[in-house]
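# Examination of the molecular architecture
Next come the chains, spelled out residue by residue.
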Amino acid sequence: MRIAGAAKLVVVIAIFLLTFYVISQVFEIKMDANLGHIFARSALDAAARSTKPPRYKCGISKACPEKHFAFKMASGAANVVGPKICVEDNVLMSGVKNNVGRGINVALVNDVAPFIEFLKSIQDGTIVLMGTYDDGATKLNEEARKLIADLGSTSITNLGFRDNWVFCGGKGIKTKSPFEQHIKNNKDTNKYEGWPEVVEMEGCIPQKQD
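Residues numbered from 1 in each chain as written. Predicted model: local features only at pLDDT ≥ 70, side-chain atom pairs only at ≥ 80, totals over all residues. Heavy atoms only, no water.

Right, let's get into the layout of surface pockets. The calculated volume of the largest pocket comes to roughly 410 Å³. Every element with two or more residues in the lining of the largest pocket is listed here: β6 (164-170) and β8 (200-206). If you tally residues by element for the lining of the largest pocket, the top one is β6, at three residues. Of the residues that constitute the lining of the largest pocket, the class distribution is eight nonpolar, eight polar and three charged. (1 Å grid on protein atoms, 1.4 Å probe; cavity = no way out; pocket = protein on both sides within 12 Å on 5 of 7 lines; lining within 4 Å. Points joined across faces, edges and corners; volume = space filled by probe spheres on them. Helix = DSSP H or I, 4+ residues; strand = E, 2+ residues; numbered from the N terminus. Nonpolar A, V, L, I, M, F, W, Y, C, P; charged D, E, K, R; others polar.)

Read from one edge to the other, the open sheet built from four strands follows the order β3-β2-β1-β8, with strand pairing classed as antiparallel. Each edge of the open sheet carries a strand with a single partner, namely β3 (90-93) and β8. With direction set aside, neighbouring strand axes in the sheet form an average angle of 20°. When strand β2 (residues 84-87) meets β3, the two strands line up antiparallel, connected through three bridges. The partner of Cys 86 across the bridge, within β3, is Val 91. (Pairing = 2+ DSSP bridges. Axes fitted to C-alpha atoms, helices over the stretch in contact; angles between N-to-C directions.)

Here it is, written out as structure tokens:
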């Protein structure tokens, strides 16, 4: 009887140990799988972060070369959203900053006379950025248009009522500026009622060489 009892005890212990071993192995496999999943997910997250596209100044699509200024600008949208001008990651003018007005936004002026005096006062080598809001053409006279053309604009002579226009030029420029976008106000193609779509432009402006 004692031998039979001892044998049963040995069998019970053996079953217990075998059960414990199997459970521990299964648990270890699950732990390894979970840890593997965690590490794999961490590696994927790290890879995703490393492949995130870089952000360039003013949100332009590519980095500017050395000794160039990054800029991005947009005309106004109808008479609702004002233009925006950013240079070297600094927003100089926008509706959020509340420093834009209807017309051509260079400085906040309401009459063509001080606008002409402003244009005349610009010093050689100065970079000039302009963007229309609502209507930038009605108050322009021939003198104002010529002064803007002297900054490198080719479209200013054709700028009409409620056209959208953005321009970047400079005082003393010897050629016409490559930085200019112009959309005519046309009732058949306008995106907004009475106004064309927003026109945007970005680029890199060469710094003045001494």
